[in-house]
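# Structure at a glance
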Amino acid sequence: MKKIQYYLSALLLLGCIGLWGCSDDDSDFEGSDAYFVAFSLKLGETSYPALIEEGIIRVEVPLGTDLTEAEVEYSLSENAQVSPDPSTISDWYSDQLFRVEAYNGSFQSFVYQLRELDSSLQKDVVLDTQAKLDAFAQSGVNRILGNLIIGANSTDEAHQIYHLNGLNDLKEVSFNLVIHKSYQGDQLDGLSKLEKAGGIYIGSQAEEEVFGEPKERQLAVVLPQLQELGNLVVRSNNVRQLALPELEEVSSIYIQSQYLEELDLNRLHSCHGDLSLNGSQVTSDGSYGNPLNEDSANSSLLSIAFPALQRVEGDFNLVYFWQTNALKLPKLQHVGGRLSFNTLKNIAKIELPALAAVSKELQLKGNDAMSKLALPALQQAYSIHIASLNAWSINLKELALPALQTVEQDFVLQFASTEAFELPALQKVGGKLEFSEMQFIEHLALPQLQAAGQLVLRSLNLLEDLQLKELRALEELNFTELNSLIQLDLSQLQQIEKMSLLTLQQLEELKLPAQLEGELSLTALQALQTLDLSAIPQLSKLSINNCRSLSLLQGPAQISEEFKLNNLGEQALKLRGTQQAKNYAISMGSARALQIEDLKTVASLSLHGLKELHTLVVSELTQATNLSLSDCYVLQDFDFPKLTLVQEKLSFKGAGWVGQAQNSLSTHLNGFAQLKKAGSVEVLNAGNLVDFTGLKQVIPSLEAANWQVKDNKYNPSYEDMLAGKYTQNPEKP
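First, a word on scope: everything that follows refers to the structure included in this document. (Residues numbered from 1 in each chain as written. Predicted model: local features only at pLDDT ≥ 70, side-chain atom pairs only at ≥ 80, totals over all residues. Heavy atoms only, no water.)

## Observations regarding the packing of aromatic side chains
Counted under the stated rule, the structure contains 19 aromatic pairs. Where Phe36 meets Tyr74, the ring centres are 6.0 Å apart and the plane angle is 75 degrees; that geometry is what we call edge-to-face. Remark: Tyr74 occurs in strand S4 (residues 71–76) and Phe36 occurs in strand S1 (residues 36–43); sequence separation between them is 38 residues. According to the relative accessible area criterion, Phe36 is buried, its value standing at 4%. Seen from their ring centres, Phe39 and Trp92 are 5.9 Å apart, and the 70 degrees between their planes marks the pair as edge-to-face. (Phe/Tyr/Trp six-rings, centres within 6.5 Å; stacked < 30°, edge-to-face > 60°. Helix = DSSP H or I, 4+ residues; strand = E, 2+ residues; numbered from the N terminus. Buried < 20%, exposed > 50% of the residue type's maximum accessible area, 1.4 Å probe, protein only.)

In structure tokens:
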């Protein structure tokens, strides 16, 4: 075009020379003009001419027009030249300074300026028919300062919309862009120039947002120029592709589609609220169908990638994707809410190399194929829960949390197949620290752990090496099914309230902390022969069950609430150290000899179901509130040598009910010979009992109504006892 202008100028000059030759005027050409005759920018077939006045070249274009491919056309005054050459300029968004030099050397400066025209509409726009949408194109509007509603909830033919071409110039929707189910198109090409939206909503929980049968309808949500967005909500099984390649920040994202195949949010670096991808089926009642069934979950999205994502200020949820085999989050540093990656059935590796903090729960559950989890930068979390679906899905073998220092609430690891696991930097867990259902683990090291609310180890049957050397404070400890552990030293603990050890069948040596003041429960420690609790001044509760090798218990000096000893082995058992207890109960088992050496006072002493017990000695007991012996079938040699007072009730039952009375071999009650006072006495169901001499001193303290004797071989009445008839065949004086 420039060359054409020069040719025209040359022809004009020749014509002028010709006229000059025929003229009588002898004046020379001055050449003093220095200005732009015309100036325009051209985009394809569209030209934007400039207004030139007072040294200003002003080009007006619609707001948001892309001038990166614009070509310039201009013309100058006769024989003038311009510098710089406008054809060399590529930035038409910025002001440009041009110098136009006249033929005679004089010059004039011109400033190029761009003015973007705002063709906006400040109201909500509802385009619920194709005709309305097509007519919108004639408005010239490129910005809607309100909501834009496309389509209707109805799918009747009158509201069906098949394309969005009428929105080709639209750059911005300041509030929400809502696409209802009457839209029948398979793409959003009419929104290809959209750069900004307050929110985008496709589908909703209130509607049956299937947009037609999923296999027949496919919707590609591709917005290539969208750069600013508030909330993105996509709730439709028809959305197969979601591509927002220029979007860098967003307020929140919620995407739910069972058939999503492609996802492009590659430049997204910040989400200021929640970010959720849900692969479960969208249903008419807003439920998830059955996302644990492959038929109701997404099986088409093979990769989830957020290569630029650094921060999610709210919750970050990825759930119910059955065939996704790659997860890429190389730059994610911070999650301000909850991080939940659940039921990603086919992902073998989850690596979050930059993640340093999760402000709420970090949950990785039901990811059955996951064999590796690496969180090398994670230093703190509110809570952590890592688990496969169940004990039959234990592929997690590589687990790395080398920088983790604190967890405010619970840390739970379940169903992993790792053989060795270490948390080298972990110092504190505010809630529960649990490792469970890890059938292959042999070594567990927590070398820096100092405090936790509750420590739970369960079903770690091959665990041989447990390192807790710095652990000082616990509220509760629960170990269950650690059947390869031989030694356990917890003596370094300085604070603990409750402890339970269950089914540590190979445990031979147990050292407990002196600071334990609450409850201690030991169950099925089959190899434990001796237990020394003498360093513990007081326990509120002590329960020992099914520790059948136990032969010596050195107990705490005082048990403030209850002591229970159940299911003893056949060897003789000595109980020492405990001098006071509120409730003291020994029941069941096959022990043949039992010696309670230091117990002096007790509120309730009960021995029940010791059917192999031949010998019982309670050597130091002086008084009890209640005392009961029952179902000790072969007990014949028993002695309470210092017992003088039972404040309420003394009960001796040879058998639990009269039909078993003959099983009781006890013939006398001489073990109570020192008893002088009792609130009441009952002797029942002793089929061979004939001698009540051991109770002769207590009779004067009783009233007749408080003497209950029946279903024994000999059943003396209260009057018989007063009369000295203590045996069935009393000897004459």
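Picking up after the structure, the text goes on.
## Overview of the sheet that holds strand S18 (residues 262–264)
Strands in a sheet are paired, the pairing made by backbone hydrogen bonds, and the direction either parallel or antiparallel. Within the open sheet, the three strands sit side by side as S14-S16-S18. Their pairing is parallel. The sheet is open, and its two edges are formed by strand S14 (219–222) and S18, each paired on a single side. On average, adjacent strands in this sheet sit at an angle of 15 degrees to one another, irrespective of strand direction. Two elements, S14 and strand S16 (residues 239–243), share four bridges in a ladder whose sense is parallel. Bridge pairing in S16 places Ala220 opposite Gln241. (Pairing = 2+ DSSP bridges. Axes fitted to C-alpha atoms, helices over the stretch in contact; angles between N-to-C directions.)

## Notes on the pairing of strand S47 (residues 558–568)
With seven bridges connecting them, strand S45 (residues 538–545) and S47 associate as parallel partners. Paired with Ser543 across the two strands is Lys564, which belongs to S47.

## Focus on unusual backbone geometry
Residue Pro84 is reached from Ser83 by a cis peptide bond, and omega for that bond is -5 degrees. Residue placement: Pro84 occurs in the loop between strand S5 (81–83) and strand S6 (96–101). Phi is positive for Phe415, close to 60 degrees, though the residue is something other than glycine. Counting through the fold element by element, Phe415 comes out in the loop between strand S33 (411–414) and strand S34 (420–422). You can call Phe415 buried: its relative accessible area is 12%. Phi is positive for Glu437, which is not a glycine, with a value near 55 degrees.

## What to know about the sheet that holds strand S29 (residues 372–374)
Pairing within the open sheet is parallel, and its three strands lie in the order S27-S29-S31. At either end of the open sheet lies a strand with only one pairing partner, and these are strand S27 (349–351) and strand S31 (398–400). Looking at each pair of strands side by side, their axes are set apart by 5 degrees on average, direction ignored. Strand direction decides the pairing type here: S27 and S29, joined by three bridges, are parallel.

## Examining the side chain of Ser630
Here Ser630 is to be found in strand S53 (residues 623–630). Beyond its immediate stretch of four places on either side in the chain, Ser630 contacts Leu607, His608, Gly609 and Lys653. (Contact = heavy atoms within 4.5 Å.)

## Focus on the environment of Glu398
By the secondary structure assignment, Glu398 is in strand S31. For Glu398, a relative accessible area of 48% gives the class partly exposed. Taking the C-alpha atoms as reference points, Glu398 and Ala420, separated by 22 residues in sequence, lie 9.2 Å from one another. Not counting the four nearest positions on each side in its chain, Glu398 is found in contact with Ser371, Lys372 and Leu373.

## Topic: the pattern of salt bridges
Within this structure, the stated rule accounts for 22 salt bridges. In this structure, Lys564 engages Glu562 in a salt bridge whose closest nitrogen and oxygen atoms are separated by 3.8 Å. Judged by relative accessible area, which is 36%, Lys564 ranks as partly exposed. We classify Glu562 as partly exposed; its relative accessible area is 24%. Several salt bridges converge on common partners, so that one network encompasses Arg143, Glu172, Lys196 and Glu228. (Salt bridge = Lys/Arg side-chain N within 4 Å of Asp/Glu carboxyl O.)

## Observations regarding the side chain of Asn545
For Asn545, the position within the fold is in strand S45. In terms of polar contacts, Asn545 uses its side chain to reach the side chain of Thr523, at 3.4 Å. Of note is the side chain of Asn545, whose polar atom sits 2.9 Å from the side chain of Ser543. The residues contacting Asn545, other than those within four sequence positions of it, are Ser521, Leu522, Thr523, Ala524 and Asn566. (Polar contact = N/O pair within 3.5 Å; in protein donor to acceptor, adjacent residues only side chain to side chain.)

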